[in-house]
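Coordinate inspection notes
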Amino acid sequence: MKYSQLHTKTNKSGKDFESINATLLTKAGFIDQTMAGAYSFLPLGLRVLNKIEAIVRDEMDKIGVELVMSSLAPKSLWEITGRLETVDVLMKTVGANQASQLKSNNEYVLNSTQEELITPIAQRFNTSYKDFPFAFYQIQAKFRNEARAKSGLLRGREFRMKDLYSFHTSETDLKAYYEQAKVAYTRVFERLGLGADTVMALASGGDFTKDYSHEFQTRCETGEDILFAAHSANIVFNKEVAPSQAPRLTDTQEPREMEEVEGTGIIGVEALAEYLKIPVEKTTKTILFETAEGNVIAAAVRGGYDINEEKLKKVVGTTSLQLASAETVKRVTGAEVGYAGVLNLPSEVKVFFDESTQNRINFECGANRTNYHSINVNFGRDLPMPEQFYDFKTAKEGDAYPETGEVYEVFRAAEVGNIFPLNTKFTKAFGYTFTDEQGQEQPVYMGCYGIGTTRVMGVLVEKYHDERGIIWPSQVAPFAVHLVSLKGAEAAAQQTYDQLQAAGIEVLWDDRDVSPGVKFTDADLIGIPVRLVVSMKTGDKVEWKNRAETATELLEVSAAIARIQT
RNA sequence: CGGAGAGUAGCGCAGAUGGUAGCGCGCAUCGUUCGGGACGAUGAGGCCCCGGGUUCGAGUCCCGGCUCUCCGACCA
């Protein structure tokens, strides 16, 4: 293709976005921002997206069959699963109103994922055990009304995703397929050029599943997720679920007499530690929650840590936790919010201690008295030694994996894929059962598997660029060759272009009448792997340069073609 | 959803204290250039985000919207 036929162009004096992928892809003419979180894919960008999706499609065809579902759904489908209310990023239309010319009063959903559509489709055609297992997938735009779209293609309101759904007669079969899907995903990311930096991490299944979900995460400084890797155990956790062991304290102080000290208006462990002139680790953060069952519980972590409510829920054994209201705090502790401690709480308030609170001598905690803090508190003297210490803090750098004691490697990553064992969550909602060999109705098990193809494109740019522009891995590059012709070599360029095309090589020919410098800087910005220059200097040969390198060499056109084809 | 900033030519921006809009890039024409963002000359291009208000007069001041960007919260 000739550059002049793209009808888009680079804009090197354009605005720098905060994210590298949005800046480079916009300046180089791959995408155009319509609004926050929504982008048009221009001719160059579409070519890259198509290549990414072709790789995904090729691997998915091995484990499923492709279809495409409607993006629009009636809200009734989403009411069946209850997700109309629980998915807060769901895009919903409003019904006809006085300001609208719509005759229909229907309300619609723009699907954020398509369990609500695929489950009835699967059900219609597959109700015998003989039909199982099977999987459908599609690649299509998804809509999520993110509160804040950001980071270019990494977090959009409209984005493209490959979503695959598998159906099984048993949890065992689902698990077996799930492992196959992991293998297929690993191959996809290898082929996309992200293999070396992509790991599988355990993450929260959210509303989808009580089990862990599995995320495919690519190391990336601008990624939104923080991962904790325990290499000795070959396991990686998303920060949201990482079990953690705080660095052990070796305290040799002599126990001192407990006392209450005034600290009017001092709230928060940092300020408190400074005020009391003690290390933050000696302070204790005590938070009161109300459980789904209506009980009030107290959770204590050592200063410097945050409470991870998901982890705490599992420890407490409840389905939801809500921060206790100011009134409840006052009723239970007798003090205003900010002075809750673990001493002298009413017996009906169960206290949970995080393991980070152990091995401390003379620690601090709230006095359950407004404006007062207790210091020189010791287990076994001022309050009984807890029967058990738990782990419900949010892991932080320096913490260890409890199973092995290995200090985690902590790094940022971007989520490029996510797979969930849904089990019967959706099939139950739709009453989807199959008939087994004995003629009995049995529940259908289900899994779902996503890859954000537009996000992958953003991640690729985040990882593969330099100060001059993008450096596409060849398997996803919009073209294999960027042919640059300089003044006076028009005929030779045309001939080279024809030869490349005849050889079936995807070539972008910069046929514009602009100065050499403009063409070279644009070629670097666009990032096609191989640049071939034809000029008066090169005669009947072409100059070869790899985008990622500075060295050039002069080659016969046929030799260049042969090299590209291998 | 909390906090901060912004909206002026296709793009990026400047326009104290109110007086009828400018720069760079890009675009058009001509000429000179031509291996790492060339140069000169000429020219086209504006509902200054929208709606109210104050004023003789508003891009500028006031009120109300909308949109975008950034930080944080959230993120199946």
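What you see is a predicted model, and the numbers here were worked out from it, not measured in a lab.

1. Section: the overall build of chain A
Helix and strand counts for chain A come out as 15 helices and 31 strands. Oriented by its inertia axes, the alpha-carbon framework of chain A measures out at about 95 × 65 × 55 Å. The 566 residues of chain A split such that 41% are buried. Residue pairs at least 24 apart in sequence account for 71% of intrachain contacts in chain A once pairs closer than 6 positions are excluded.

2. Some points on helix α15 (residues 557–565)
For α15, every residue scored as buried is listed here: Ala560, Ile561 and Ile564. The arc enclosing the buried residues of α15, seen along the axis, measures out at 100°, which places them on a common side. In α15, those exposed residues whose orientation departs by more than 90 degrees from the buried face are Ser558, Ala562 and Arg563. The secondary structure elements touched by the buried residues of α15 are β27 (481–485), α13 (490–502), β29 (530–534), β30 (541–546) and β31 (552–556).

3. So, the sheet that holds strand β20 (residues 389–390)
The strands making up a sheet associate through backbone hydrogen bonding, with each pair oriented either parallel or antiparallel. Pairing in this open sheet of 5 strands is mixed, and the strands run β16-β14-β15-β17-β20 from one edge to the other. Because the sheet does not close on itself, it has two edges, and the strands there are β16 (321–323) and β20. Of the pairings in the sheet, the one linking strand β14 (residues 284–291) to strand β15 (residues 296–302) comprises 7 bridges and is antiparallel in character. Directly across from Leu288, in β15, lies its bridge partner Ala298. Where helix α10 (residues 326–333) meets the sheet, it contacts β14 and β15, and its direction lies at approximately 110° from that of β14.

4. Considerations on the confidence of the model for chain A
Put simply, chain A has an average pLDDT of 92, and 98% of its residues get 70 or more. pLDDT under 50 marks residues 96–101. Its contacts with residues more than four places away, or in other chains, come to 4 contacts.

5. Some thoughts on the protein's contact with RNA strand B
Near RNA strand B lie 42 residues; those nearest to it are Lys12, Ala36, Gly206, Phe208 and Gly517. No other element matches the 6 residues that helix α14 (residues 516–526) contributes to the surface near RNA strand B. Residue composition of the surface near RNA strand B, by class: 12 nonpolar, 17 polar and 13 charged.

6. With respect to helix α3 (residues 43–60)
Over its 18 residues, α3 extends 25 Å from the first C-alpha to the last, a length consistent with the 26 Å expected when each residue adds 1.5 Å. Within α3 the residues assigned to the buried category are Leu44, Gly45, Val48, Leu49, Lys51, Ile52, Glu53, Ile55, Val56, Glu59 and Met60.

7. What about the pairing of β15?
Burial analysis of β15 places 6 of its 7 residues in the buried class, the great majority of the element. Count of turn residues in the β14/β15 antiparallel hairpin: 4 residues, of which Gly294 carries a positive phi of about 90°. In the sheet, β15 pairs with strand β17 (residues 350–354) via 4 bridges, with the strands oriented parallel. Residue pairing for β17: Ala299 is matched across the bridge by Phe352.

8. What about the nonpolar core?
Core analysis: the largest hydrophobic core is formed by 102 residues, its most contacted members being Ile52, Phe237, Val481, Leu483 and Ile528. Shared between two domains, this core takes at least three residues from each, and those domains are domain 1 (15–243 + 411–461) and domain 3 (479–565). When residues no more than four places from it in sequence are discounted, the contact partners of Ile528 are Trp472, Ala477, Pro478, Phe479, Val481, His482, Leu508, Ala523 and Arg547. Grouped together as the second largest cluster of nonpolar side chains are 25 residues, Val301, Val329, Val377 and Phe392 included.

9. A closer look at the packing of helix α2 (residues 20–27) against helix α12 (residues 453–463)
Where α2 contacts α12, the two axes come as close as 8 Å, and the packing angle between them is 95°. Between α2 and α12, the crossing angle belongs to the class labelled roughly perpendicular. Across from Ile20, Asn21, Leu24 and Leu25 in α2, the residues of α12 making contact are Gly458, Val461 and Glu462. Of the residues in the contact of α2 with α12, the class split is 4 nonpolar, 2 polar and 1 charged.

10. Details of the environment of Leu174
By the element assignment, Leu174 lies in helix α7 (residues 171–191). For Leu174, a count of 22 C-beta atoms within 10 Å gives the class buried. Apart from residues no more than four positions distant in its own chain, Leu174 is found in contact with His168, Pro421, Tyr445 and Gly447.

11. A look at the sheet that holds strand β4 (residues 72–74)
As summarised here, the arrangement of the 3 strands in space is β4-β6-β5, forming an open sheet in which the pairing is antiparallel. Whereas interior strands pair on both sides, the edge strands pair on one side only; in this sheet they are β4 and β5 (91–92). Pairing of β4 with strand β6 (residues 108–110), which is carried by 3 bridges, proceeds in the antiparallel orientation. Among the inter-strand pairings, Ala73 is bridged to a residue of β6, identified as Val109.

12. Quick notes on the domain arrangement of chain A
Split into domains, chain A comes out as domain 1 (15–243 + 411–461), domain 2 (259–390) and domain 3 (479–565). Distance from the C-alpha centre of domain 2 to the C-alpha centre of domain 3: 68 Å.

13. Some details on unusual backbone geometry
Put simply, Phe132 and Pro133 share a cis peptide bond, and its omega is -10°. For Pro133, the position within the fold is in the loop between α6 (115–125) and β7 (134–143). At Asn344, a residue that is not glycine, the phi angle is positive and equals roughly 55°. Among the secondary structure elements, Asn344 is positioned in the loop between α10 and β17. For Asn423, which is not a glycine, the phi torsion comes out positive at approximately 55°. Structurally, Asn423 is set in strand β21 (residues 409–423).

Cut-offs and rules
In this numbering scheme, every chain counts its residues from 1 along its sequence in written order. Chains carry letters from A onward and ligands carry numbers from 1 onward, assigned in written order. A pLDDT threshold of at least 70 governs which residues receive local features in this predicted model, and a stricter bar of 80 or more applies before side-chain atom pairs are shown or counted, although totals over entire chains, interfaces and linings include all residues. Only DSSP runs of H or I covering at least 4 residues are called helices, and only runs of E covering at least 2 are called strands; the numbering of each starts at the N terminus. Whether a residue is buried, exposed or partly exposed is read from the other C-beta atoms within 10 Å of its own C-beta, which are placed from the backbone; 20 or more gives buried, 12 or fewer gives exposed, and intermediate counts give partly exposed. Contacts here follow a simple rule: the backbone-placed C-beta atoms of the two residues must lie within 7 Å. Each C-beta atom gives one direction from the helix axis, and the arc is the one those directions make. Two strands pair if DSSP finds at least two bridges between them. Axis definition: a line fitted to C-alpha atoms, over the contacting stretch in the case of helices. Angles run 0 to 180 degrees between N-to-C directions. pLDDT is a residue-level measure of predictor confidence that goes from 0 to 100. Any residue qualifies as near a molecule or strand once its backbone-derived C-beta atom lies within 6 Å of it. Note on residue categories: nonpolar means Ala, Val, Leu, Ile, Met, Phe, Trp, Tyr, Cys or Pro, charged means Asp, Glu, Lys or Arg, and polar means any other residue, Gly included. A helix is expected to span 1.5 Å multiplied by its residue count minus one. Take the buried Ala, Val, Leu, Ile, Met, Phe, Trp, Tyr and Cys residues, join any whose C-beta atoms are within 7 Å, and the set you get is a nonpolar core. A domain assignment, automatic or from a database, supplies the domain bounds used here. Small angles under 35 degrees read as roughly parallel and large ones over 145 as roughly antiparallel, with 65 to 115 read as roughly perpendicular and the rest as oblique.

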